[in-house]
Amino acid sequence: MQHAGGTPLPPPHGPVPGHGAAMTPHPGPGHPIPPHQHQQQPQAAPPAPGWPPLPAAPPHGAPTAPPPAEATGHIQLPPGAPVALPSPPAGASAPDAAHAAVAVLLIGPAGAGKTSVARHWADTRRVPTAHISLDDVREWVRSGFADPRSGWNDHSEAQYRLARRTCGFAARNFLANGISCILDDAVFPDRPVIGLGGWKRHVGPGLLPIVLLPGLEIVLERNARRTGNRRLSDEEVARIHGRMAGWYGSGLPIIDNSAHDVPTTARLLDDVVARSIASPPSW
């Protein structure tokens, strides 16, 4: 046999039937196998050049150690327990929010700039940080997507809860592997069980909720630049913004980014995260 270009194939390694050493015939029925063939064991092929030798196989019947329960390969899976509150370094005068491994929940109405600020904050941190957007996860559903413009009903609430649970598992998974994360969601203060309480159940008390709440005029202007199902009517935006005002007096830190651009707001977020690590908010 030859290659397509006409070059003969290289000879195979080892003896070839009909060349060199003769093949050992297989005994037919009723013919016992010679004793020396009972003890003969196949020889393992030598490793290819440049590859480390393969580890020796365990003896037949020897018990093998089960894989770690919390790992698949080298990826650490999140523990079953919720994420604990981050602890400031021992002896440190002030927590370093730029290096701490944290999970932040950025809350705000549509048009507050949550996604832009969260993405910029994750991009510019000095430690690995992931951005998890609940709206993005909700839109994983293609056929049968519960469009938020159609109103809130059992169908949209079921998809919201599923997306939030998925985001919570992703956040715990990232933190278990040393990667911080920032999540964003429009959580309403008047529905604590569905909103903030759900995030606490799925991520844990270590989650740091921070509210991003600019003025209504700014929110309406930003919403007007949106496209697709992310753009809401002015009436809906005003209604959501009014409900978000309930976060004042809740004890959660609030950033009014009406007069700030995205980089400035991200720096303010760093300051708030540092204070939240030093003195976690009650929620």
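Source: prediction; values computed, not measured.

Draft legend 1. Molecular detail of the side chain of Ser180. Locating Ser180 in the fold gives a position in strand E5 (residues 180-185). Looking at Ser180, the relative accessible area reads 1%, which means it is buried. Among the polar contacts listed, one links the side chain of Ser180 to the backbone nitrogen of Val102, at a separation of 3.0 Å. Excluding its chain neighbours within four sequence positions, the residues that come into contact with Ser180 are Ala100, Ala101, Val102, Arg125, Val127, Pro128, Thr129, Ala130 and Leu175.

Draft legend 2. Broad picture of the sheet that holds E5. Across the sheet, 5 strands lie side by side as E4-E5-E3-E6-E7; this open sheet has parallel pairing. Whereas interior strands pair on both sides, the edge strands pair on one side only; in this sheet they are strand E4 (129-133) and strand E7 (254-255). Strands in contact with helix H8 (residues 262-278) are strand E3 (103-107), E5, strand E6 (207-212) and E7; relative to E6, the strand with the most contacts, it is inclined by about 140°.

Draft legend 3. Structural context of helix H6 (residues 216-224). Buried within H6 we find Val219, Arg222 and Asn223. Buried residues of H6 fall within an arc of 100° about the axis and therefore sit on the same side. For H6, the elements touching its buried residues are helix H7 (234-244).

Draft legend 4. The packing of H6 against H7, seen in detail. With their axes 10 Å apart at the nearest point, H6 and H7 run at an angle of 140° to one another. Judged by the angle between their axes, H6 and H7 are oblique. Of the two possible hands of crossing, H6 and H7 adopt the one that is right-handed. For the pair formed by H6 and H7, the contact residues are Leu216, Val219, Leu220 and Asn223 on the first element and Asp234, Val237, Ala238 and His241 on the second.

Draft legend 5. Region of the structure containing the packing of aromatic side chains. On inspection of all chains with the given rule, the structure shows 0 aromatic pairs. Cation over ring: Arg243 sits above Phe188, and NZ or CZ is 3.8 Å from the ring centre.

About the thresholds
- Residues numbered from 1 in each chain as written.
- Predicted model: local features only at pLDDT ≥ 70, side-chain atom pairs only at ≥ 80, totals over all residues.
- Heavy atoms only, no water.
- Helix = DSSP H or I, 4+ residues; strand = E, 2+ residues; numbered from the N terminus.
- Buried < 20%, exposed > 50% of the residue type's maximum accessible area, 1.4 Å probe, protein only.
- Polar contact = N/O pair within 3.5 Å; in protein donor to acceptor, adjacent residues only side chain to side chain.
- Contact = heavy atoms within 4.5 Å.
- Pairing = 2+ DSSP bridges.
- Axes fitted to C-alpha atoms, helices over the stretch in contact; angles between N-to-C directions.
- Arc of directions from axis to C-beta.
- Parallel < 35°, antiparallel > 145°, perpendicular 65-115°, else oblique.
- Left-handed = near helix turned anticlockwise from the far one by under 90°.
- Phe/Tyr/Trp six-rings, centres within 6.5 Å; stacked < 30°, edge-to-face > 60°.
- Lys NZ or Arg CZ within 6 Å of the ring centre and 35° of its normal.

None of this, on its own, says anything about what the molecule does.
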